[in-house]
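Remarks on the overall topology
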Amino acid sequence: MFTTTTAANANSAAATLNGAHAHARPRVPISALPLPPPSHALTHNLTPDPHTPTPAAWRETREARPSLQRRARLLAPPAHFSYVAPCPLPFPFRVEYPEEDADGEAQVAAVERWLVDREALKEVPCAGVDGREDGKRLRKYVAEKRDEERVLIGLAETGLKDCVPHLAVGDAFSLLGTPSLTGAANETASTNGSTAAPSEDAVAARQELVDVLSGHAMLANDVGDDPQTRWAPWSLRYSGHQFGTFAGQLGDGRAISLRITPHPDDPETVYELQLKGAGRTPFSRMADGLAVLRSSIREFLCSEAMHALSIPTTRSLSLISLPNLPVERERVESACILTRVAPSFIRIGNFEAFNPPANMFFFGGGQQPAHLDGLRVLGEWTARRVLKLERIRWRGDPGVEGPGDAWGKELVFEVARRNARMVAGWQAYGFMHGVINTDNVSILGLTIDYGPYAFMDVFDPFHICNHSDQEGRYAYKFQPSMIIYALRALLNALAPLIGAEDELGGKAVSPGWADNASPEQIKAWTDRGIRLVKEDMERIAEEACAVEYGKLMHKRLALRRLDKDDELLIARPLLDLMEDHRLDFHGTFRRLAGFRPSVVADAAALEAFVESLLRSCAEPERLDRARAMGDWKIWLEKYAGRIESERELWEETPEADVDKQREAAAKAANPRFVLRQWVLEEVIKKVETDAESKKRVLGKVLQMACHPFEPWGAEGYDGDESSLDAEVREERRYCSMGERKLLGFQCSCSS
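**Notes on the overall build of the chain**
- In terms of regular secondary structure, the chain is built from 20 helices and 16 strands.
- Against the globule reference of 27 Å for 751 residues, the chain gives a C-alpha radius of gyration of 27 Å, in line with a compact fold.
- Principal axes of the C-alpha set define a box for the chain whose edges measure 85 × 70 × 55 Å.
- A total of 751 residues make up the chain; the buried ones form 58% of that total.
- A total of about 30,100 Å² of accessible surface is found on the chain, and carbon and sulfur atoms cover 51% of it.
- Charged side chains in the chain number 91 positive and 109 negative. The centres of these two groups are separated by 1 Å.

Quick look at the structure:
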């Protein structure tokens with residue numbers, strides 16, 4: 001009987017991360033993660049909301065007037081962020097008001113008292129760490145009257161290992177259990193292979209992790225003389241174009257960044273831990289600041305799936321359900337908080353906020369006037385610490401006199417390169433984002449804000465994955481163009497600064513550079529900046545996208561030599577075949593991994609291979625088999641010739657089996673498991689029904705998404721499926737196209 005080997009692998013991985021191999025790297029609870037030096041901390045370098053300019057002032061506000069951080073408002077024009085405490089609550093708030101005839105001031109006071117009771121103001125002990133100075137760690141706070149049930153239902157092993165390997169998770173993996181689609185055996189991923197009870201330290205580390213990452217507890221510090229340890233959570237201000245229309249101030253309406261920590265192997269690389277769905281912020285407008293279980297599962301799984309496909313992305317860390325916290329969407333759902341991780345969450349919209357195309361004001365929102373020095377501060381920080389632009393001499397560095405080198409143009413070019421490579425990965429792997437608004441485009445070129453995304457099923461270049469996108473603005477075919485649109489928005493925001501730098505002879509602008517500039521001068525700088533950069537920016541983006549897409553398609557087709565006409569003669573005709581005959585995108589690539597050029601010389605073998613390709617047709621009753629057979633034979637003969645033309649590139653040794661080498665390379669580039677819409681819908685329904693028992697299913701799907709190229713479900717086995725282990729049979733089903741009714745399923749933006 002075929003059995004699965006993944007359970008043992010999961011136990012081993014969990015053991016490593018839980019501390020069975022702790023001698024390799026010391027791990028600490030989340031409250032004791034090292035803080036970055038002030039030079040590497042966003043909140044020490046950008047401008048805070050003047051209402052709460054320091055963590056100490058912020059605490060005073062929370063003790064007296066906490067509604068300030070829950071009330072939708074426009075930040076002051078120079079401000080980049082606002083300190084905000086996580087506080088997941090139903091909204092509108094269920095405030096107990098005084099008697100009906102009370103005046104307005106009494107009602108306002110009642111709101112403030114109600115919120116104070118739910119603010120994390122009460123200090124409690126942190127999980128212990130031997131030998132660590134208290135002055136070098138943050139303090140932990142909880143609320144007097146907020147204690148929602150919180151259930152850990154997911155922990156991303158790959159995100160943890162790559163981004164915060166020094167974070168102790170205690171017995172978290174044991175509680176999650178062995179990943180399984182069938183739940184046949186209720187095993188636990190123990191830390192040492194035994195069934196012994198976890199240590200007190202392990203329990204404390206896990207509980208602190210859950211408390212902090214669920215928004216129940218908060219880490220901060222507003223005392224002491226060391227600026228490095230003065231710390232508080234924050235949300236960023238940004239604006240943006242949504243579906244082509246400028247929407248004014250948007251900002252982190254439900255995202256709150258907890259802390260930044262240096263990677264233990266590279267102190268220059270820092271990772272920001274951010275909660276999504278942790279309650280209202282000044283940027284929430286009329287929304288509740290919460291996220292539902294459904295959308296949180298989707299982002300949790302897809303972030304790690306994209307990383308496994310080598311597509312730049314933010315990462316997942318944890319998923320914590322708040323089952324008793326209701327959230328009103330199209331229906332009443334339960335809340336969930338996702339923790340995601342990235343070196344930075346700065347977006348193109350952050351720049352638009354400081355030089356917007358229009359000022360506006362409406363209830364709960366609007367747009368501030370331009371603040372060009374705020375733009376300079378944000379740009380310098382991003383160019384130097386986030387993008388780490390090379391060959392630029394910065395003002396204030398040793399040996400640098402004067403303002404330093406210009407950086408605006410290089411910032412735009414680098415963002416163009418990164419996002420071009422990212423969208424090339426989307427196109428090569430059939431990923432559709434769904435909402436490529438400028439506030440959803442990362443400065444680092446990371447896939448961010450997973451909403452109504454989808455992976456391609458039947459290939460359709462015009463497929464629209466977001467049912468709110470009625471005009472098809474963000475359809476698969478148009479994604480590269482939409483990235484160019486976002487880059488133009490970035491350039492428009494930075495254009496006056498770039499123009500001024502050029503006027504200065506390639507020197508950086510100085511503080512206050514535009515304070516006394518007339519509107520005519522700013523327009524002249526803007527026009528100069530656009531003329532200087534626009535054409536080159538678009539060329540860089542288009543070339544970088546084309547080159548990266550070409551590399552990825554060669555990889556998927558297991559071709560080592562890059563011929564300039566391969567896209568025209570091989571790749572594009574292949575996609576046309578899939579579209580014409582309604583074939584599954586990923587299934588076709590995976591099946592082609594087993595193609596042998598010798599097949600074309602054997603008519604029966606060639607016909608059998610084509611038949612295997614046609615099995616992924618979504619509508620076999622409508623398939624013109626004769627035409628499909630003829631079309632495929634022509635393409636396969638061309639593909640075979642292209643393979644044979646580079647056979648010597650694979651013959652590393654005389655006895656090398658080139659066909660086997662190519663098949664292995666192709667299977668390492670073409671996923672067996674794809675995070676399809678039907679898989680997501682099924683997992684969501686299972687976890688919504690019973691999170692406690694179905695979290696093992698979620699864990700297994702995460703495991704498959706993180707290792708998509710493995711031969712899940714006994715791939716290639718053509719015998720009696722009843723002889724397969726139940727878990728293997730279910731893996732096999734999860735690797736299928738699923739029911740026809742869910743092919744091309746469109747999602748909602750509501751999350």
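Text resumes after the structure shown.
**Focus: the packing of helix α14 (residues 585-592) against helix α15 (residues 603-614)**
- Taken N-terminus to C-terminus, the directions of α14 and α15 make an angle of 155 degrees; their axes are 9 Å apart at the nearest point. Comparing the axis directions of α14 and α15 gives the class roughly antiparallel. At the point where α14 passes α15, the crossing takes the right-handed sense. Between α14 and α15, the residues in contact are Thr588, Arg591 and Leu592 and Phe609, Ser612 and Leu613, respectively.

**Looking at the sheet that holds strand β3 (residues 139-142)**
- An order of β2-β3-β5 is seen for the three strands of this open sheet, with the pairing classed as antiparallel. Of all the strands in the sheet, just β2 (122-124) and β5 (218-220) have a single pairing partner and so form its edges. Sheet twist, expressed as the average angle between the axes of neighbouring strands with direction ignored, equals 45 degrees.
- Two strands pair when backbone bridges link them, and β3 and β5 are joined in this way by three bridges, in the antiparallel orientation. Bridge pairing in β5 links Arg139 to Ala220.

**Brief notes about the pairing of strand β10 (residues 266-276)**
- Judged by how many residues are buried, β10 sits mostly within the fold: eight of 11 residues are covered.
- Hairpin connection of strand β9 (residues 255-263) to β10: two residues between the antiparallel strands.
- Inspection of the sheet shows β10 paired to strand β12 (residues 332-342) by five bridges, in the antiparallel sense. Bridge assignment links Lys276 to a residue of β12, and that residue is Leu338.

**Notes on unusual backbone geometry**
- For the peptide bond that leads from Phe91 to Pro92, omega is 5 degrees, which places it in the cis range.
- Even without a glycine there, the phi angle at Arg391 is positive, about 60 degrees.
- Within the element layout of this structure, Arg391 appears in the loop between α9 (372-386) and α10 (408-428).
- Despite not being glycine, Asp449 shows a phi value in the positive range, around 60 degrees.
- Tracing the backbone shows Asp449 in the loop between β15 (431-432) and β16 (454-455).

**So, the nonpolar core**
- Trp632 and Leu636 are the most contacted members of the largest nonpolar core, which totals 199 residues.
- By residue number, the principal contributor to this core is helix α11 (residues 479-503), which donates 13 residues.
- Beyond its immediate chain neighbours, meaning those up to four positions away, Leu636 contacts Leu592, Phe595, Val600, Leu606, Phe609, Val610 and Leu613.
- In this structure, Leu89, Val111, Trp114 and Leu115 belong to the second largest nonpolar core, which totals six residues.

**Here's the deal with helix α12 (residues 519-556)**
- Taking 1.5 Å as the rise per residue, α12 with 38 residues should run 56 Å; its terminal C-alpha atoms sit 52 Å apart, in good agreement.
- Note on α12: the residue one or two positions beyond its end, Ala558, has a positive phi of about 55 degrees.

**Focus on α9**
- Counted at 1.5 Å a residue, the expected span for α9 with its 15 residues is 21 Å, and the 20 Å between its end C-alpha atoms agrees.
- Counting buried residues in α9 gives 13 out of 15 residues, a clear majority hidden from the surface.
- Residue Lys388 follows α9 closely and has a positive phi angle near 55 degrees.

**Some remarks on the pattern of salt bridges**
- For the coordinates displayed, the defined rule picks out 62 salt bridges.
- Its salt-bridge partner being Arg340, residue Asp449 comes within 2.9 Å of it at the nearest N-O pair. Linking Asp449 in the loop between β15 and β16 with Arg340 in strand β12, this pair joins segments that are 109 residues apart in sequence.
- Accessibility expressed as a relative area gives 14% for Asp449, which makes it buried.
- Close ionic contact of Asp527 with Lys523 constitutes a salt bridge, the shortest N to O distance being 2.9 Å. With Asp527 and Lys523 both in helix α12 and four residues apart, the pair spans about one turn of that helix.
- The class for Asp527 is partly exposed, based on a relative accessible area of 29%.
- One connected set of salt bridges, linked through shared partners, spans Arg596, Glu644, Arg647, Asp659, Glu663 and Lys667.

**Concerning the packing of aromatic side chains**
- Counted by the stated rule, this structure contains 21 aromatic pairs.
- Both rings, one in Phe595 and one in Phe609, keep their centres 5.3 Å apart while their planes meet at 55 degrees; by these two values the pair is tilted. With a gap of 14 residues between them, Phe595 in the loop between α14 and α15 and Phe609 in helix α15 connect regions that are remote in the sequence. The burial state of Phe595 is the same as that of Phe609; both residues are buried.
- Grouped by ring-pair contacts, the aromatic residues Trp426, Phe431, Tyr450, Tyr453 and Phe455 constitute a single cluster.

**Describing the pairing of strand β4 (residues 151-155)**
- With five of five residues buried, β4 lies mostly within the body of the structure.
- Here four bridges tie β4 to strand β11 (residues 315-328), and the two strands are oriented antiparallel to one another. Looking across to β11, one finds that Gly154 is bridged to Leu319.

**Focus: the state of the cysteines**
- Inspection of every chain in the model, using the stated rule, returns zero disulfides.
- In this model Cys465 remains outside any disulfide bridge; the closest cysteine sulfur is found in Cys747, 7.5 Å from its own.
- A relative accessible area of 1% places Cys465 in the buried class.
- Unpaired in this structure, Cys545 has its nearest cysteine sulfur neighbour in Cys465, at a distance of 17 Å.
- Exposure remark for Cys545: the relative accessible area of 13% places this residue in the buried category.

Procedures and definitions
Residues numbered from 1 in each chain as written. Predicted model: local features only at pLDDT ≥ 70, side-chain atom pairs only at ≥ 80, totals over all residues. Heavy atoms only, no water. Helix = DSSP H or I, 4+ residues; strand = E, 2+ residues; numbered from the N terminus. Rg over C-alpha atoms; globule rule 2.2 N^0.38 Å. Buried < 20%, exposed > 50% of the residue type's maximum accessible area, 1.4 Å probe, protein only. Areas by Shrake-Rupley, 256 points an atom, 1.4 Å probe, with all protein chains shown as cover. Lys, Arg positive; Asp, Glu negative; His and termini not counted. Charge placed at Lys NZ, Arg CZ, Asp CG, Glu CD. Axes fitted to C-alpha atoms, helices over the stretch in contact; angles between N-to-C directions. Parallel < 35°, antiparallel > 145°, perpendicular 65-115°, else oblique. Left-handed = near helix turned anticlockwise from the far one by under 90°. Contact = heavy atoms within 4.5 Å. Pairing = 2+ DSSP bridges. Core = buried A, V, L, I, M, F, W, Y, C linked by side-chain atoms within 4.5 Å. Expected span 1.5 Å × (residues − 1). Salt bridge = Lys/Arg side-chain N within 4 Å of Asp/Glu carboxyl O. Phe/Tyr/Trp six-rings, centres within 6.5 Å; stacked < 30°, edge-to-face > 60°. Disulfide = S-S within 2.5 Å.

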